[in-house]
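Here are the chains, one letter per residue:
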Amino acid sequence: MENIEEKHEEEPITKLPDNAYRELKEGESYRPILNPNKKYPEINAWTVIGGLLMAIIFSAATAYAGLRFGQVFEAAIPIAIIAVGASTLAKRKSPLSENVIIQSIGASSGVIVAGAIFTLPAIYIIQETNPEIQMEVHFLQIFLASLLGGFLGILFLIPFRKYFVSDMHGKYPFPEATATTEILVSGARGGNQAKLLLISGLIGGLYDFLMTTFHVWAENISTRMTGWGEQLASNHKFLFKMNASSILLGTGYLIGLKYAGIICAGSFLSWWFILPLLGEFGSFTNADGLMVSMSSLDPEFIFSNYIRYIGIGGIAMAGLLGVIKSSKVIKTSLGVALKVGKGTEKTEVQRTQRDISMKILLIGFVVVLALIFAFFMWGGLQMNLTQVIVGVLVVFVFAFLFTTVAATAIATVGTNPVSGMTMMTLILASFILSAVGLQGGSGIITALIVGGIVCSALAMAGGFITDLKIGYWIGSSPYKQQGFKFLGTLVSALTVGAVIMLLSKTYGYTGEDALAAPQANAMAAIIRPLMFGGSTPWILYIIGAIFAIVLDCIGVPALAFSLGMFIPLQLNTPLLVGGFLAWFISSRSKDEKVNKARKDKGTLLASGLLAGGAIMGVVSAIMKLCGAEVGMPASYVNGSLFNILAIVMFVLLCLYLVWDSLRAKPAEEA
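Residues numbered from 1 in each chain as written. Predicted model: local features only at pLDDT ≥ 70, side-chain atom pairs only at ≥ 80, totals over all residues. Heavy atoms only, no water.

1. Observations regarding the overall build of the protein chain
Logical step 1: Helix and strand counts for the protein chain come out as 26 helices and 4 strands.
Logical step 2: Looking at the protein chain as a whole, 59% of its 670 residues are labelled buried.
Logical step 3: By sequence separation, contacts in the protein chain at least 24 residues apart represent 84% of the contacts at least 6 residues apart.
Logical step 4: In the form shown here, the protein chain has an accessible surface area of approximately 26,600 Å², with 65% of it arising from carbon and sulfur atoms. (Helix = DSSP H or I, 4+ residues; strand = E, 2+ residues; numbered from the N terminus. Buried < 20%, exposed > 50% of the residue type's maximum accessible area, 1.4 Å probe, protein only. Contact = heavy atoms within 4.5 Å. Areas by Shrake-Rupley, 256 points an atom, 1.4 Å probe, with all protein chains shown as cover.)

2. Let's talk about the side chain of Lys 480
Logical step 1: Along the chain, the position of Lys 480 falls in helix H19 (residues 478–506).
Logical step 2: With a relative accessible area of 6%, Lys 480 lands in the buried category.
Logical step 3: A polar atom in the side chain of Lys 480 sits 3.4 Å from the side chain of Glu 42. (Polar contact = N/O pair within 3.5 Å; in protein donor to acceptor, adjacent residues only side chain to side chain.)

3. A few points about the pattern of salt bridges
Logical step 1: The full count for this structure, using the stated rule, is 13 salt bridges.
Logical step 2: For Arg 22, the salt bridge identified is with Glu 28, shortest N-O distance 2.9 Å.
Logical step 3: Taking relative accessible area as the criterion, Arg 22 reaches 32% and is therefore assigned partly exposed.
Logical step 4: The partner of Arg 224 in a salt bridge is Glu 300, and the shortest N-O contact between them spans 3.0 Å. One end of the pair, Arg 224, is in the loop between strand E1 (220–222) and helix H10 (227–236); the other, Glu 300, is in helix H13 (residues 299–325), and 76 residues separate them in sequence.
Logical step 5: Taking relative accessible area as the criterion, Arg 224 reaches 24% and is therefore assigned partly exposed.
Logical step 6: Using a relative accessible area of 23% as the deciding quantity, one classes Glu 300 as partly exposed.
Logical step 7: Several salt bridges converge on common partners, so that one network encompasses Arg 224, Glu 230, Lys 241 and Glu 300. (Salt bridge = Lys/Arg side-chain N within 4 Å of Asp/Glu carboxyl O.)

4. Some points on the nonpolar core
Logical step 1: Grouped together as the largest cluster of nonpolar side chains are 171 residues, with contacts concentrated most on Phe 376 and Ile 449.
Logical step 2: With 21 residues, the single largest contributor to this core is helix H18 (residues 440–474).
Logical step 3: Sequence-distant contacts of Ile 449, that is, excluding residues within four places in its chain, are made with Leu 120, Ile 123, Gln 141, Ala 145, Phe 375, Phe 376 and Leu 381.
Logical step 4: Core analysis: the second largest hydrophobic core is formed by 24 residues, Trp 217, Met 242, Ala 244 and Leu 249 among them. (Core = buried A, V, L, I, M, F, W, Y, C linked by side-chain atoms within 4.5 Å.)

5. Brief notes about helix H3 (residues 95–106)
Logical step 1: Between its first and last C-alpha atoms H3 spans 16 Å; for 12 residues at 1.5 Å apiece the expected length is 16 Å, and the two agree.
Logical step 2: Counting buried positions over the 12 residues of H3 gives 11, a clear majority of the element.
Logical step 3: By the burial criterion, the buried members of H3 are Leu 96, Ser 97, Glu 98, Asn 99, Val 100, Ile 101, Ile 102, Gln 103, Ser 104, Ile 105 and Gly 106. (Expected span 1.5 Å × (residues − 1).)

6. Let's talk about the packing of helix H11 (residues 246–255) against helix H23 (residues 569–585)
Logical step 1: Contact pair H11 / H23: the axes reach a minimum separation of 6 Å and the direction vectors enclose 50°. Judged on the interaxial angle alone, H23 and H11 are oblique. Handedness of the H11/H23 crossing: right-handed. Taken together, the residues of H23 that come into contact with H11 (itself represented by Leu 248, Leu 249, Thr 251, Gly 252, Tyr 253 and Ile 255) are Gln 570, Leu 571, Pro 574, Leu 575, Val 577, Gly 578, Gly 579, Leu 581, Ala 582 and Ile 585.
Logical step 2: A class-by-class count of the residues in the contact of H11 with H23 yields 11 nonpolar, 5 polar and no charged. (Axes fitted to C-alpha atoms, helices over the stretch in contact; angles between N-to-C directions. Parallel < 35°, antiparallel > 145°, perpendicular 65-115°, else oblique. Left-handed = near helix turned anticlockwise from the far one by under 90°. Nonpolar A, V, L, I, M, F, W, Y, C, P; charged D, E, K, R; others polar.)

Everything listed here is a matter of coordinates, which is why it stays silent on function.
Here it is in structure tokens:
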């Protein structure tokens, strides 16, 4: 393992250059903080072990949060804070160059988690809801789908690095990369930041642990807690529900009021307009073939079996619109990549401009595609040679087409529409694989694994462009980030595979108290009729697609709105609370510097609440698997105090976030 320990004086680090975030003037160039002509400690035991440790911890935490609530939080910011704090406490001589690598390796966690949990749990969901279907899924299949997809995403993105981070300098805002870079650059105050993150993490972890493991108070605050609320839900199909988790409160703060509001707008349309409308005038055909009024159904049943398909159609159309809008970017960035590949093989380039060579990338592509071929052929998927070749081609083509879409989305708004693109992949892959004779249980597993590989590739491409932009601003060596990203992906894939199987055994994905896994449930709902010839709710998909087109035409983010229509109400409302708190905290003062200091501290605290709650969620799952879960007496759980305490504790958690954030002063940024 390379360990550069050259003696040098690192440049005084105060802030990024003035032209870091704006477009360059004619003849102007960008000079990163770290001198391109010097070598800095980047790859050593401290960075590799630290990065891998972060990958393990945050892979487990984000997998739990994503499967339980449908919200995958990006780990880059809390990992950067921890890296800065640890390097400050350890008094590292070159913390900036090392922390970029720690963050880059560790951030593999969030993207691999998204790629895996959006698709692969759908195998368990179909298995649980259709026990007559002969399906078996093994840890190795989940692990390889995540690993090979992640590797493919890295390989596809590397040729486009120069286009996104250099040629388009200042034209893309890179919101997440900007926030993470600012944290890394302001490393002098990292010790205090790490302490705040630890405290808020302990509070969030203890809060969720008492709620989910010991059931000291209710997880959901609902109008059903009252008699009049129960009647309102039963008679008029109207109810309010909110999950009281610290994870969702923190996520809402990080998303912000704008996008939390858009997500909730979609949810409110589904639950407070379409659902009561169907409850009043809708009907359905029962098992005996008779038409029955929907007024006899629970609101949750109407939503799960009808309304959420509108959201699925919107999500899929949002992905298609993303591809159409990015077609020019795909063509332009591919041209830049091919030019770079031809022009840099024989000339020496600066450390900060050096990528893994095109020759090695081509070898990597061949190896990964050969591994995918072997996986499909001999990985227990029951595919013949023709089906294997078709499957490999589907993976390669869709991963290639959507790679730049994912990178562009992250660079522009910080959100990757991977759900919509994966749904499109699943639908088309199911048709294609069915055409070559792959159906039934084996067809479902194969299509979902194909979708899992593509989803992991797209998630990796979107997340990795953030790491490379951070490295570009600071002055890291891209080829080192790229090389060790493979190692972070390997460890994250192992962790995610274990967590998915653990949670499937402890909670399951269907039935009461099961994990929400909304994206995976959507994938299962789409693929089941395609592979078994059942009734596909095309009219609902089309309505959702029309919604997405209209929203896009009027400038409303269609993906966020459609996700709100699809995800259950109780998982969206706390996002709005968190977004409102972010607005409130950042707008109380007339001094913008004070507002910024408060907003930044709130971001730190929210990240801690989110990470702490998610990590303790994994601990709760392990305890439940071991039979160590402790519950409160039934008389208490069914009593009013159980519900009232949920409201009180959630309000106290909000007050803590507001109170501690408002104590921040601009001087803390110095």
